[in-house]
Amino acid sequence: MERKKSAKKKQIMGRCVATLLVWFLGIAMVIPFVWMFSTSFKGMNEVFTFPIEWLPTRPTLKGYTALLFGKIPYFTYFLNSVKVSLIAVFGTFFSCTMAGYAYAKVNFAGRDKLFLMKLAATMLPGMVTILPTYIIYSKLGLLNSHASLWLGYFFGGTFGVFLMRQAFLSIPDSLIESARLDGAGHFRIYWSIAMPNVKSSTSTLLFMYFLWSWNDYEKPLMYLWTPKLFTLPMAVKSFSDDQSQNYPAIMAANVLMLLPIMIAFVTCQKFFVESLVGSGVKG
Amino acid sequence: MTRERKKRQKERKPGRRMDTISGYLLVAPNLIGFLVFTLFGIGFSLVMAFTDWNLVRGYEEANFVGLKNFTDMFTDPYLKACLINNAKLLLVLPIQLFLAAVLASLMNKAVYGKAGVRAMYFLPYVTNIVAIATIWEALFHKTKGPVNALLMVLGISESALPGWLSSSQWALLAVAIVLLWKDLGYSILMYSGALQQIPQELYEAAEVDGAGVVAKFLHITIPQLAPMTFMLTILGVVSSLQMWGFVQVITNGGPGTSTYTLGLYIYRSSFITNRTGYACALAWLLTVLVLIFAIFRCREERKFSVE
């Protein structure tokens, strides 16, 4: 009895030490963000004072006004980003969930061979196809247009298809069979029976693709050259090259670029571990 | 038995045909993307790797040059710099995975408020690379940055302070630190999922044998996490070798060639210096490197599981 008690005590001690350690490192991980946030409210001369002023003594919105009402058409960039991301997520939602359902639950001829081929192609680095993709876009007249940023998402990425396939596999076959006996076709079953059962994976899918398209810097760099078409990452990059010493304004741009992701992240966070990870799907 | 199965197949046939039609309709967008962008892309890039294609002149004007692109690689000083840098950057991967495994198993069992703290570790992963680059450029600023200010407080003399991103000696290390920070949360998340699938009885049995925390981690957790480690290693190698957007923003390969990576070199050869055919050949070099690594790791894995 006595021994059990001391073992329990020891366990709680251990948990406290582990908690302290993990939280300490966790706080270290987010310090750059705290610095970004506080710098965005500072004047240019207070940026590098040491010790660091985590709470600016004379907070100012100068950084934000320089960004929003300065030389660059910030709102155009913001709307470009919103437009491209929403279209991309819309496209990827349908193509990934449909393909995922078919690979998991529709017994069509050649399914396994096709899936195996996709699996093999994941080993191929994306660098191999960037030039052919560029050529296809140029032949279609899509270079220097927003379509070059979102079109790829309409075909559904490998990650999303695997994620959704894994989710649909967990639905019992009997559920699908009984719906078939009632005369429902596969499209019907996909939409009204299967989809409502995979909500957490669907949220993960939507979040991950929103994240990737919102943060995409490489595609605009390759495909766009007219500045007013830029999405936020390119716009912020050229803004920061232009304003190289104006750290408050650059950090303000970073804060505003991060905000939508943070909001989406906080709303979807609890789904991650259960769907993204538990399924054995890897991004 | 066989006759019965045949019969059943016959009965199912009309259903099967319907299945095939709706199956292909459902995978159509994905399949078209795969055929056009992936399969055509592979073929096109493979052919162009043997030409002197220049993006400005267009591929119609490209001439076959045999193996020239591949033989050029042996004497290319830029490529050599890239491969050395990439190899050094890969050294971060085992550190990152080990840290992630330790942190994930601490979070799994022992930490209060784990959802909150896991979100903190994951935050850098969801952050835009442009934001990351501009934040760390400021933090690493040679004369005014907080990192060096902290080092000075810790007693490092002003002349010995590292120049970080602006010095060819330190830039790669700075990039490696930022990458470690950026990707740690993703590995933690992946390990967290894998940890939940380890049977509890293994730990209970070890406890009966009197195993301590460290022994349990070394002899149960790490071997049980091996498949996930394998996966994360392959993914990490692929993404590390072909990473280019991030280095383009943070240093653009410089100073000099000190942070040039294979991915960045392929991008620059494709779109900036217009040695496009050579870029295709480099992309295939990348593919071969990844495959060699994967095969090597697979064999290693098999050796482990046989033992």
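Since this is a predicted model, take the numbers as computed values, not measurements.

J.: In this structure, what is going on with the overall build of chain A? I would like to understand it.
T.: Check the secondary structure of chain A and you find 13 helices and 0 strands. Counting from the amino terminus, helix and strand elements in chain A follow one another as α-α-α-α-α-α-α-α-α-α-α-α-α. Principal axes of the C-alpha set define a box for chain A whose edges measure 80 × 70 × 35 Å. Here chain A, with 283 residues, has 54% of them falling under the buried criterion. Total accessible area on chain A stands at roughly 13500 Å², and carbon and sulfur atoms take up 67% of it.

J.: Would you take a moment to explain the layout of surface pockets for this structure?
T.: Unoccupied space between atoms shows up once a probe the size of one water molecule is rolled over them. By volume, the second largest pocket amounts to about 1100 Å³. Secondary-structure elements contributing two or more residues to the lining of the second largest pocket are α1 (2-39) of chain A together with α4 (92-109), α9 (200-208) and α10 (213-224) of chain B. Counting residues per element, the lining of the second largest pocket draws most heavily on α1(A), at 7 residues. When its residues are assigned to classes, the lining of the second largest pocket shows 13 nonpolar, 8 polar and 6 charged.

J.: Help me understand the pattern of salt bridges, please; the structure alone is not making it clear to me.
T.: Side chains that differ in charge, positive against negative, can pair when their charged atoms come close. Going through the model one piece at a time under the given rule, you end up with 12 salt bridges over all chains. Of the charged contacts, one joins Asp112(A) and Arg111(A) as a salt bridge, the two residues approaching to 3.3 Å between their closest N and O atoms. Salt bridges sharing common partners tie together Lys68(B), Asp72(B) and Arg275(B).

J.: Any chance you could explain the environment of Lys71(A) here in plain terms?
T.: Residue and element names in this part refer to chain A. With respect to the helices and strands, Lys71 occurs in the loop between α2 (62-68) and α3 (74-105). For Lys71 and Trp23, which are 48 residues apart along the polypeptide, the C-alpha to C-alpha distance reads 42 Å. Among the polar contacts made by the side chain of Lys71, one reaches the side chain of Asp242 at a distance of 3.5 Å.

J.: What am I meant to see in the packing of aromatic side chains here?
T.: For any pair of aromatic rings, the description rests on two quantities: the centre-to-centre distance and the angle between the ring planes. Enumeration according to the criterion identifies 50 aromatic pairs over all chains in this entry. Geometrically, the ring pair formed by Phe44(B) and Trp53(B) is edge-to-face, given 5.7 Å between the ring centres and 90° between the ring planes. We classify Phe44(B) as buried; its relative accessible area is 12%. For Trp53(B), a relative accessible area of 1% puts it in the buried group. Directly above the aromatic system of Tyr112(B) lies the positively charged group of Arg15(A), at a separation of 4.1 Å from the ring centroid. Lying over the aromatic face of Phe115(A), Arg165(A) brings its terminal NZ or CZ to 4.0 Å of the ring centre.

J.: Just checking my understanding: could you explain the domain arrangement of chain B for this structure?
T.: By a widespread convention, an interface's size corresponds to the accessible area lost as its parts come together. Segmentation of chain B into domains returns domain 1 (1-47) and domain 2 (73-306). Averaged C-alpha coordinates put domain 1 of chain B and domain 2 of chain B at centres separated by 38 Å.

J.: I'm lost on the environment of Ser244(A) in this one. Help?
T.: Here Ser244(A) is to be found in the loop between α12 (232-242) and α13 (247-277). For Ser244(A), a relative accessible area of 39% gives the class partly exposed.

J.: Would you mind showing me how to read the domain arrangement of chain A here?
T.: Residues and elements named next belong to chain A. Segmenting chain A into domains produces domain 1 (2-64) and domain 2 (73-277). Here domain 1 and domain 2 have C-alpha centroids that lie 33 Å from each other. With 13 residues of domain 1 at the interface, the matching set in domain 2 holds 11 residues. At the boundary of domain 1 with domain 2, total buried surface from both sides reaches about 950 Å², with 89% on carbon and sulfur atoms. Of all residues in domain 1, Met36, Met44 and Tyr64 bury the most surface against domain 2, accounting for 46% of the area lost on that side. Counting the contacts that link domain 1 with domain 2 gives 0 salt bridges. Linking domain 1 with domain 2 are 0 residue pairs in polar contact (both at pLDDT 80 or more).

J.: So what exactly am I meant to see when it comes to the interface of chain A and chain B here?
T.: With 92 residues of chain A in contact, the opposing surface of chain B contributes 97 residues. Summing both sides of the interface, chain A and chain B together bury roughly 8300 Å²; the carbon and sulfur share of this comes to 76%. Per-residue buried area on chain A facing chain B is highest for Met29(A), Met127(A) and Leu131(A); these three make up 9% of the total on that side. Among the salt bridges present, the one from Asp19(B) reaches Arg180(A), with a minimum N-O distance of 2.7 Å. One can count 21 residue pairs in polar contact (both at pLDDT 80 or more) joining chain A with chain B. Among the elements that make up the side of chain A that touches chain B, the one with the highest residue count is α1(A) (17 residues).

J.: Can you walk me through the packing of α3(A) against α12(A) in this structure?
T.: Two quantities define a packed helix pair, namely the angle between the helix axes and the distance between the axes. All names here are of chain A. At a closest axis distance of 8 Å, the pairing of α3 and α12 adopts a crossing angle of 150°. As summarised for this structure, α3 and α12 are arranged roughly antiparallel, according to the angle between their axes. Judged by residue contacts, Tyr74, Tyr77, Phe78 and Ser81 of α3 engage Leu232, Pro233 and Ala235 from α12. Split by residue class, the contact of α3 with α12 holds 6 nonpolar, 1 polar and no charged.

J.: Hey, could you run me through the environment of Val290(B) in this one?
T.: You can see Val290(B) is positioned in helix α14 (residues 276-306). Overall, the relative accessible area of 2% leaves Val290(B) in the buried class. Considered as a pair, Val290(B) and Asp52(B) are 238 residues apart in the sequence and their alpha carbons are 25 Å apart. Not counting residues up to four positions away in its chain, the partners in contact with Val290(B) are Met123(A), Pro125(A), Val238(B) and Leu241(B).

J.: What is the right way to read helix α13 (residues 262-272) of chain B from this model?
T.: Side chains of residues three or four places apart in an α-helix project in the same direction, reflecting 3.6 residues per turn. Residue and element names in this part refer to chain B. Across the 11 residues that make up α13, a large majority, 9, are buried. Leu262, Gly263, Leu264, Tyr265, Ile266, Tyr267, Ser269, Ser270 and Phe271 are the residues of α13 that are buried. Positive backbone phi, at 60°, marks Asn274, one or two positions downstream of α13.

J.: Sorry, what's going on with empty space enclosed by the protein here?
T.: All names here are of chain A. Taken as a whole and assessed by the stated rule, the structure comprises 3 cavities of 30 Å³ or more. Its volume calculated, the largest cavity comes out at about 70 Å³. Every residue lining the largest cavity is listed: Ser81, Val84, Ser85, Leu149, Tyr153, Ser213, Trp214, Asp216, Pro220 and Thr231. Counting residues per element, the ones that place at least two in the lining of the largest cavity are α3 and α10 (199-215). When grouped by side-chain class, the residues that make up the lining of the largest cavity number 5 nonpolar, 4 polar and 1 charged.

Calculation notes
Residues numbered from 1 in each chain as written. Chains lettered and ligands numbered in written order. Predicted model: local features only at pLDDT ≥ 70, side-chain atom pairs only at ≥ 80, totals over all residues. Heavy atoms only, no water. Helix = DSSP H or I, 4+ residues; strand = E, 2+ residues; numbered from the N terminus. Buried < 20%, exposed > 50% of the residue type's maximum accessible area, 1.4 Å probe, protein only. Areas by Shrake-Rupley, 256 points an atom, 1.4 Å probe, with all protein chains shown as cover. 1 Å grid on protein atoms, 1.4 Å probe; cavity = no way out; pocket = protein on both sides within 12 Å on 5 of 7 lines; lining within 4 Å. Points joined across faces, edges and corners; volume = space filled by probe spheres on them. Nonpolar A, V, L, I, M, F, W, Y, C, P; charged D, E, K, R; others polar. Salt bridge = Lys/Arg side-chain N within 4 Å of Asp/Glu carboxyl O. Polar contact = N/O pair within 3.5 Å; in protein donor to acceptor, adjacent residues only side chain to side chain. Phe/Tyr/Trp six-rings, centres within 6.5 Å; stacked < 30°, edge-to-face > 60°. Lys NZ or Arg CZ within 6 Å of the ring centre and 35° of its normal. Domains from an automatic or database assignment. Contact = heavy atoms within 4.5 Å. Buried area = accessible area lost by both parts, 1.4 Å probe. Axes fitted to C-alpha atoms, helices over the stretch in contact; angles between N-to-C directions. Parallel < 35°, antiparallel > 145°, perpendicular 65-115°, else oblique.

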